[in-house]
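Commentary on secondary and tertiary structure
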Amino acid sequence: MAIPRVTATVDLSAIRHNLGRVRALAPQSKVMAAIKADGYGHGAVPVARTLAEAGVDAFAVACLEEAVTLRDAGIGTRIALLEGVLSREEALEAAALGLEIVIHDRWQLELLAGLAFETPLAVWFKLDSGMHRLGFPLAEAGALLKAALAQPQWRLQGWITHLACADDLDSPMTAAQIDAFKATMAYLPGARSIANSAGLIAWPQARVDWVRPGLMLYGASPLPGRTAADLDLKPAMQVASRLIAVHEIAAGETVGYGATYRCPETMRVGVVAVGYADGVHRILPTGAPVLIHGVRVPMIGRVSMDMITVDLRALPQAAVGDPVILWGDGLPAEEVATWAGTLAYELFCGLTNRVHYRYL
Ligand SMILES: Cc1ncc(COP(=O)(O)O)c(C=O)c1O
């Protein structure tokens, strides 16, 4: 039987624990768990099953296809399509699957208003409180309510807005967005939803009827300067490969493509069976850490498609076959992401279909 080169081990009990953290922070709020992008690379179906069993109130996905995957797997929980639908056909399929459609733009309103649905259609409106990505201007909320009430088959669920800078505790923007949204909502019926992970952790006033956490459910910190452990979040994913060669390379010789790393002394160099075709970012520089036997050792030279090379001087006992952790327990994805100039979100979503998944 083939041995998987790269394994992402996902601890579903960590995801349950992290949902508990959401509940503890926002006990009055319903939870719409963001499981788009295949559950942030953790596997949408097993994540959804875990969260559904734990009583999550709804899921948020980006598009119809992601919702169909969940329904096909027998997930009956409420599911909202964060970007709504792209066509009449999608709208009818979404309605038939009992999905909830977010309407973020006038063209979607017109598309849906022209359709007859056999069963009531659950809709949310997305309002733009300042991020200026998706959503109607706040000033149009009253007109949107009228438009919804004019459609007898629509069931207005509520109003969503999204925070641009919730991870920046010094930014005045978040409080301004929340205040503006709440002022608009004061006299309108329907549920309100503001907070992503950073919003619900750092901005108590954003914990309204619904919260929409994503990243924190997977056990990564959304706040720079605060670790997952600080926030009592448990990382759910560990990505590991193994050493497939260990060489002694002479002082002055170079390692890897472009000969970018020159050995300062005669040293042991390990080759790990993982590369950018698995989701290790090619931009990771010499010095970025991996974990072998619980010890951080630096990557050296360039990341190639299927391999990376590491400096084993700190680990004389390291041998072919030893496990190498790319991120997980002892090496937070947030830290690796910083080395790559990105966020844990992108590391998680960037794992490719070459990675073998194992669920605990
Ligand atoms: C509209 C919306 N709500 C909630 C989330 C969840 O955000 P986070 O993963 O930062 O908690 C996202 C993710 O990008 C989103 O786009």
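Here the structure is a predicted model, which is why all the values come from computation and not from measurement.

Let's talk about the overall build of the protein chain
Along the protein chain, the regular secondary structure elements total 11 helices and 19 strands. Dimensions of the protein chain, computed from C-alpha atoms along their principal axes, come out at roughly 75 × 45 × 35 Å. Here the protein chain holds 360 residues, and 52% of them are scored as buried. Looking at the protein chain alone, contacts between residues at least 24 apart form 65% of all its contacts between residues at least 6 apart. Roughly 15,600 Å² of accessible area belongs to the protein chain as shown, and the carbon and sulfur atoms make up 55% of that amount. For the protein chain, the distance from the average position of its 30 positive side-chain charges to the average position of its 35 negative side-chain charges is 3 Å.

Let's talk about the pattern of salt bridges
Taken as a whole, this structure holds 11 salt bridges when the rule is applied. Residue Glu-140 pairs with Arg-106 through a salt bridge whose shortest N-O separation is 3.4 Å. Highlighted residues: Glu-140 in the loop between strand E7 (136–137) and helix H7 (141–149) and Arg-106 in helix H6 (residues 106–113), separated in sequence by 34 residues.

Some details on the domain arrangement of the protein chain
What the domain assignment lists for the protein chain is domain 1 (12–218) and domain 2 (237–359). Computed over C-alpha atoms only, the centres of domain 1 and domain 2 are separated by 37 Å. Taken together, the contact between domain 1 and domain 2 spans 9 residues of the former and 8 residues of the latter. Here domain 1 meets domain 2 over a buried area of about 780 Å², counting both sides, of which 73% is carbon and sulfur. Our enumeration of links across domain 1 and domain 2 arrives at 0 salt bridges. At the junction of domain 1 with domain 2, the criterion picks out 2 residue pairs in polar contact (both at pLDDT 80 or more). When the residues that make up the side of domain 1 that touches domain 2 are grouped by side-chain class, the tally is 6 nonpolar, 3 polar and no charged.

Here's the deal with the site of the ligand
Around the ligand, the surrounding shell holds 14 residues, and the nearest of these are Tyr-40, Ser-197, Gly-214, Leu-215 and Tyr-345. A distance of 2.9 Å separates an oxygen atom of the ligand from a polar side-chain atom of Lys-36. Here an oxygen atom of the ligand and a side-chain polar atom of Tyr-345 are 2.5 Å apart. About the coverage of the ligand: the protein hides 91% of its 390 Å² of free accessible area.

Comments concerning H6
Among the residues of H6, Gln-108, Leu-109, Leu-111 and Leu-112 are the ones counted as buried. Each buried residue of H6 sits inside an arc of 165 degrees when the element is viewed along its axis, so together they form one side. Among the structural elements, helix H5 (88–96), strand E5 (100–103), strand E6 (121–128), H7 and strand E8 (154–160) are those in contact with the buried residues of H6.

Observations concerning the environment of Leu-291
Relative to the helices and strands, Leu-291 resides in strand E15 (residues 289–292). On the accessibility criterion, Leu-291 (7% relative accessible area) is buried. Expressed as a C-alpha distance, the spacing of Leu-291 and Val-324, which sit 33 residues apart in the sequence, is 5.7 Å.

Structural notes on the environment of Ala-333
Assignment of secondary structure puts Ala-333 in helix H10 (residues 333–339). Exposure remark for Ala-333: the relative accessible area of 6% places this residue in the buried category. Along the primary structure Ala-333 and Ala-166 are separated by 167 residues, whereas in three dimensions their C-alpha atoms are 20 Å apart.

Here we look at the side chain of Thr-77
When you line up the elements, Thr-77 lands in the loop between helix H4 (64–72) and strand E4 (78–81). What makes Thr-77 buried here is its relative accessible area of 15%. Residues contacting Thr-77, with those up to four places away along its chain left out, are Ala-52, Val-56, Asp-57, Ala-58, Phe-59 and Arg-71.

Some words on the pairing of strand E18 (residues 323–327)
Within E18, 4 of the 5 residues are buried, which leaves it mostly tucked inside the rest of the structure. Bridge count between strand E11 (residues 237–249) and E18: 4 bridges; the pairing is antiparallel. Paired with Ala-240 across the strands is Ile-325, a residue of E18.

Rules of the game
Residues numbered from 1 in each chain as written. Predicted model: local features only at pLDDT ≥ 70, side-chain atom pairs only at ≥ 80, totals over all residues. Heavy atoms only, no water. Helix = DSSP H or I, 4+ residues; strand = E, 2+ residues; numbered from the N terminus. Buried < 20%, exposed > 50% of the residue type's maximum accessible area, 1.4 Å probe, protein only. Contact = heavy atoms within 4.5 Å. Areas by Shrake-Rupley, 256 points an atom, 1.4 Å probe, with all protein chains shown as cover. Lys, Arg positive; Asp, Glu negative; His and termini not counted. Charge placed at Lys NZ, Arg CZ, Asp CG, Glu CD. Salt bridge = Lys/Arg side-chain N within 4 Å of Asp/Glu carboxyl O. Domains from an automatic or database assignment. Buried area = accessible area lost by both parts, 1.4 Å probe. Polar contact = N/O pair within 3.5 Å; in protein donor to acceptor, adjacent residues only side chain to side chain. Nonpolar A, V, L, I, M, F, W, Y, C, P; charged D, E, K, R; others polar. Near = heavy atom within 4 Å. Arc of directions from axis to C-beta. Pairing = 2+ DSSP bridges.

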